[in-house]
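In case you want the letters, here they are:
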Amino acid sequence: MLAVVFLLTAAMLLLVQARMRRHVREDLVSTLRAESAVYNEIEKARREQAQQSAEMIADQPSMKALMSTNDRLTVEDGTESILRTSHADLLILESISGDLLAFHSTSADVDVSTLKHLMQRSGGEEDWWYAGGHLYDVSLVPIVAGVNSNQRALGRMALGREISSKSTLDAAFGKAAFVFDRDGVVLLSSLPPGVWGDFELALKQKPAKADSIPEVEIGSERYLTHFVELPGDHPVRFYSLQSYDQATVFLGSLNRLLLILGGLAVVAGAFVAFFISRQVTRPLERLVYGTRQLEKGDFEFNIPIQGNDEVADLTRSFEDMRTSLRQSREGLLRSARLEAVGRLAGGVAHDFNNLVMIIKGYSDLLLDNATPEARPHLEEIKRAGDRASGLTRQLLAFSRKQVLEPQVLDPNQTLKNMAKMLRVLIGEDIELVTSFSDEIGRVLADPGQLEQVLMNLAVNARDAMPNGGKLIIETQACYLDAFYAASHNEVTPGPFVMAAVTDTGCGMTQDILAQIFEPFFTTKEAGRGTGLGLATVYGIVKQSKGHIAVYSEPGVGTTFKIYLPSIDKSAPLAPVRQAGTAPRGSGTILLVEDEAPLRVLAAESLKRLGYTVLQAGNGLEAQAVTDQHGGRLDIVVTDIVMPRMGGVELVEKLKQKHSGLAVIFMSGYTELAAFENANIGSDSILLNKPFSTETLAHKIAEALQRTNAGQKALAAGSAG
C-alpha cells in the first residue's frame, strides 16, 4: 500500500512539476514579449524627443552664428554649455567640409578620431555609435543658414544619449537582463562581462529569429531571450533575457519541501498502516494460530475478541465453529467409547445368552419331575436365569446389537398403556401428568423396547425425587432442521415425534450430564443400580434411528427428550398373545446350533413335545445329516452365524431339495444381524435368544401353520 501511495505521489509530483514548468515558461515568454515591446516604445519616444531637441538646438541663431565662423576654438567654446543644458552625453559639430569643429562628452574614454570616423559613416538622421566602451543613441541634424532659396549648409550636429545599464533596466522595469548586440558582438549588457562570450557563442549556435523565444545557456544558467531591432544607419538589437533557472528555482525548493512532507507522510503512513494492520493482522494471526491448534487437537485455547468489525465477526464465527467442532469431537469420542464398550458388552452377552438358555432350559426340565423339597431351589435357579436374561437384554440394548422387532405404532397408545403401571411404580408421593398431542405421526420401533425406555426414565425420575414431586410425560410433533443437525452429527433433518419425560427432582451438574450415558456410571448408592439404565435407553434410541437430548439444572429438575423419525403409516392392531403351556406337535425338525449344550437341551425339549429331531453343529454337518436321514423334513431351526456354513446359506441349499420347508432362524448378538434379517425371507421367522421352550414351541407351530397355508394357496392357484 505504501509503495503504491509512494508511486502515485511521485507521479503526481512529476506531473505537477511538468505543468508548473510549462506555466513558468509561458509566463516568461509573455513577460519577455511585454518587456521588449515596452522598451521599444520607450526608446522610440526618447529618440523622438532627442531628435526634436537636436533640431531645436541646431535652429538656434547662436548655433548658426558660431558655425558661420568655421573657427574650431570659437565653436567649441561657444557650445560647451549646450551639452549641459540639453542633458545629452555627447555633442559633435562638423563643418561642411567634414572637419570636427566641436566635441563634448561626459566620458573621457571617447577618442576623437573614433567619433570623427563614426560621424563620417552616419549619413542619416539617427544612428548607434559604440566608442570607448560606451554605446550612444545619436540624433544627427543639419545646421542651415538662411531661408528658402537663400539657405546654405553650415555643417551637422550629432547629439548623443549614452545607453547605460541603469537607464535600460529602469526602462525595462528592472525585471530582465538585457544585451545590446550588433552582428553577434555584445556591445552592452547587464550580464557579467565574463559570460558575454557565452552569449555570443549561443547566438552563433542558435541564430535568433524575429519574434522567437529561444533558450540559451549562459554561464551554466539557462535563459529565455527575445529581441527587437533598434533602427539606425547601423542598427543594433536589444535582447531581453529572463533566467529560466531562477524562475524555476522555487520548484526545487518546492520539491525538497514536498519530498520532506512526502517522507514524513510515508513515515506517518507506515506507522498508521502498521498500527491498523496490526489491529487487523493480529486477530488474523490468532485465527491462524487457532487453526493450527485445532489441527493438533487443542480446543481449549482462548482467542480474545475486540471490536465489532469484520475481523471480530470472523473471530466470533471461528469461536462458534470451534465450539461446534469441540462438541462434535466430544460426541464422537463418547460414541467411540460407547461403541467400544458396546462391542465388548455385545460379545459377552452373545456367549452369556447361550449359558442363560442352558440354565433356564435345564431348570424347566428338572421342574417337571422335581420333588417338593427341590422345587423351591430349582425355581430360584430359574428366577436367577430370568434376571440374567434381563441383564443380557440391557447389555444388548446398550450395545445396539439386539435383534429388534420394529412395528409401526402409535407412541401415544404405547405411553397410555404404560401410564397405569407407572403410577404404581413411582409411588403416591409423585404426581404423574401426561400430555399427548393428537398431531403426531407414527414411528417404526420395537414396542417392548420403547416401553423399556419409558420404564428406565421413570425409575430414574423417581429416584431423583425422594421427597415427592411431579413427573410429566408428553408427546409432540417437531421438525429438526439442518441447523440443528449441523451440531448433532447423528441427526438427519426431517419430521420427528418427540416424547419428553420431565421430573422436578434434584437435577444434575454438567459434569454428571457428560457421563450419564456411559455404561456402569451411576450416582446412586452401591447396590441400588447397575449403571446400565440410561446406557440402555441410549442404545435403544440410537438403534431405532432416533436421537436423545437431555437438559438438567441442579435443584430444578431434568428433561429427557426422545426423538423418533415420524412416518406416514397407520398403526396395526397389537397382536394378542395366547397364554398356556407349550403346544405339542409332530414332524421332523432339523436343529442346527454350534453351541453343543444348548443344542442338546433344545433337542431334548422338542422330543418331549413329540417332534423328531435331527441335530447338527453347522451347515455342512446339517447337509450330511439330512442326506443320511433321507426322509421328509418339515422344519429347520438354525442359528444364523455358525462356523464353516451359516444358517442362511444352509436354508437356501435345503430348499432346493425339500419343498414346503418351514424355517426358524435363531439369533443372539451378531454384527451382521441386521443384514441377515433383511435376507432371511418373508416366510421365515426370526427368534431372538434367549428364549424359553414354550416360546420355541409356539414359533414352530406358527412356522408350520404358515407353510401349510402357503402350500394350500399354491395348490388352489394351480387348480384354478
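None of the values given here were measured: they were computed from a predicted structure. (Residues numbered from 1 in each chain as written. Predicted model: local features only at pLDDT ≥ 70, side-chain atom pairs only at ≥ 80, totals over all residues. Heavy atoms only, no water.)

Engineer: Before we go on, may I ask you to explain the overall build of the chain in this structure?
Structural biologist: For the chain, the count of helices and strands is 21 helices and 22 strands. Looking at the chain residue by residue over its 720 residues, the buried ones come to 41%. For the chain, the share of sequence-separated contacts (at least 6 apart) that also reach a separation of at least 24 residues comes to 65%. Accessible surface, the chain as shown: approximately 38400 Å² in total, 56% of it carbon and sulfur. (Helix = DSSP H or I, 4+ residues; strand = E, 2+ residues; numbered from the N terminus. Buried < 20%, exposed > 50% of the residue type's maximum accessible area, 1.4 Å probe, protein only. Contact = heavy atoms within 4.5 Å. Areas by Shrake-Rupley, 256 points an atom, 1.4 Å probe, with all protein chains shown as cover.)

Engineer: Help me understand the pattern of salt bridges, please; the structure alone is not making it clear to me.
Structural biologist: It is possible for side chains bearing opposite charge to pair when their charged atoms get close. What the rule picks out here adds up to 18 salt bridges. Where Glu43 meets Arg161, a salt bridge forms, and the shortest distance between an N and an O atom there is 2.6 Å. With Glu43 in helix α1 (residues 2–58) and Arg161 in strand β5 (residues 152–163), this pair connects stretches of sequence that are 118 residues apart. You'll find Glu43 and Arg161 in the same group, each marked buried. (Salt bridge = Lys/Arg side-chain N within 4 Å of Asp/Glu carboxyl O.)

Engineer: Help me understand helix α16 (residues 533–543) in this model?
Structural biologist: Of all 11 residues in α16, 11 are buried, a share of seventy percent or more. Gly533, Leu534, Ala535, Thr536, Val537, Tyr538, Gly539, Ile540, Val541, Lys542 and Gln543 are the residues of α16 that are buried. Phi turns positive, to about 60 degrees, at Lys545, one or two residues after α16.

Engineer: How should the side chain of Thr79 be read in this particular structure?
Structural biologist: Among the secondary structure elements, Thr79 is positioned in the loop between α3 (72–78) and α4 (80–85). If we skip the residues at most four places from it in the chain, Thr79 touches Met63, Leu66, Leu91, Leu93, Ala102 and His104.

Engineer: Please explain the sheet that holds strand β2 (residues 100–105) as it appears in this structure.
Structural biologist: Picture the strands of a sheet paired through backbone hydrogen bonds; they go either parallel or antiparallel. Strand order across the open sheet formed by 5 strands is β2-β1-β5-β4-β3, with antiparallel pairing between neighbours. Two strands close off the open sheet at either side, each with one partner strand: β2 and β3 (126–131). Averaged over neighbouring strand pairs, the angle between their axes works out to 25 degrees when direction is ignored. Pairing analysis gives 6 bridges linking β3 to strand β4 (residues 134–145), with the strands arranged antiparallel. Looking across to β4, one finds that Ala131 is bridged to His134. Helix α2 (residues 61–69) rests against β1 (90–95), β2, β4 and β5 of the sheet, and its axis sits at about 115 degrees to β5. (Pairing = 2+ DSSP bridges. Axes fitted to C-alpha atoms, helices over the stretch in contact; angles between N-to-C directions.)

Engineer: What is the right way to read the nonpolar core from this model?
Structural biologist: Nonpolar side chains tend to gather and get buried jointly when the protein is soluble and globular. In terms of nonpolar packing, the biggest core is built from 34 residues, with Leu457, Leu471, Ile548, Phe560 and Ile562 touching the most fellow members. Put simply, the parts of the chain that give this core at least two residues each are α12 (411–426), β12 (430–435), β13 (443–445), α13 (447–464), β14 (469–480), β15 (494–503), α16 and β17 (557–565). In terms of residues, this core owes the most to one element, α13, which gives 6 residues. Once you skip the residues sitting within four places of it in the chain, Ile562 turns out to touch Val453, Leu457, Val497, Met498, Ala499, Val537, Val541, His547 and Ile548. (Core = buried A, V, L, I, M, F, W, Y, C linked by side-chain atoms within 4.5 Å.)

Engineer: Looking at this structure, I do not really get the confidence of the model for the chain. What am I missing?
Structural biologist: Caution applies to low-pLDDT regions: their predicted coordinates should not be interpreted in detail. Overall, the prediction assigns the chain a mean pLDDT of 81, with 85% of residues at 70 or greater. A low-confidence stretch, residues 573–579 stays under pLDDT 50, and its non-local contacts, those more than four residues away or across chains, total 1 contact. A low-confidence stretch, residues 670–678 (pLDDT under 50), is modelled with 9 contacts involving residues beyond four sequence positions or located in other chains. (pLDDT = per-residue confidence, 0-100.)

Engineer: Could you clarify how one ought to interpret the sheet that holds strand β7 (residues 185–189) in this entry?
Structural biologist: Read across the sheet, 5 strands follow the order β7-β6-β10-β9-β8 without closing on themselves; strand pairing throughout is antiparallel. Two strands lie at the open edges of the sheet, namely β7 and β8 (215–218), each paired on one side alone. Shown here is a sheet whose adjacent strand axes are inclined to one another by a mean of 40 degrees, direction ignored. By the bridge criterion, 4 bridges tie β8 to strand β9 (residues 221–230) in an arrangement that is antiparallel. For Glu217, the partnering residue across the bridge sits in β9 and is Arg222. Taken strand by strand, helix α7 (residues 196–205) contacts β6 (177–182), β7, β8, β9 and β10 (236–243), and its axis lies near 135 degrees from that of β7.

Engineer: Quick question: what am I supposed to make of the packing of aromatic side chains here?
Structural biologist: The tally for this structure, following the rule as stated, stands at 8 aromatic pairs. Both rings, one in Tyr39 and one in Phe180, keep their centres 6.1 Å apart while their planes meet at 65 degrees; by these two values the pair is edge-to-face. In this pair, Tyr39 sits in helix α1 while Phe180 sits in strand β6, placing the two residues 141 residues apart along the sequence. With a relative accessible area of 0%, Phe180 lands in the buried category. Ring geometry for Phe199 and Tyr239: centres 5.3 Å apart, planes at 80 degrees, overall edge-to-face. Of this pair, Phe199 sits in helix α7 while Tyr239 sits in strand β10, and the two are 40 residues apart along the sequence. As far as burial versus exposure is concerned, Phe199 and Tyr239 are alike and both buried. An aromatic cluster is built from Tyr39, Trp128, Phe178, Phe180 and Phe238, whose rings are joined through pairwise contacts. It is Arg25 that lies over the ring of Tyr244; its NZ or CZ is 5.0 Å from the centre. (Phe/Tyr/Trp six-rings, centres within 6.5 Å; stacked < 30°, edge-to-face > 60°. Lys NZ or Arg CZ within 6 Å of the ring centre and 35° of its normal.)

Engineer: Hey, could you run me through the packing of α13 against α16 in this one?
Structural biologist: A pair of packed helices is captured by two measures, namely the crossing angle of their axes and the spacing between those axes. Remark: α13 packs on α16, axes separated minimally by 9 Å, with the N-to-C direction vectors making an angle of 145 degrees. Along this stretch, α13 crosses α16, giving a crossing that reads as left-handed. Mapping the contact onto sequence places Gln449, Gln452, Val453, Asn456, Leu457 and Asn460 in α13 and Gly533, Leu534, Thr536, Val537 and Ile540 in α16. Considered class by class, the residues forming the contact of α13 with α16 number 5 nonpolar, 6 polar and no charged. (Left-handed = near helix turned anticlockwise from the far one by under 90°. Nonpolar A, V, L, I, M, F, W, Y, C, P; charged D, E, K, R; others polar.)

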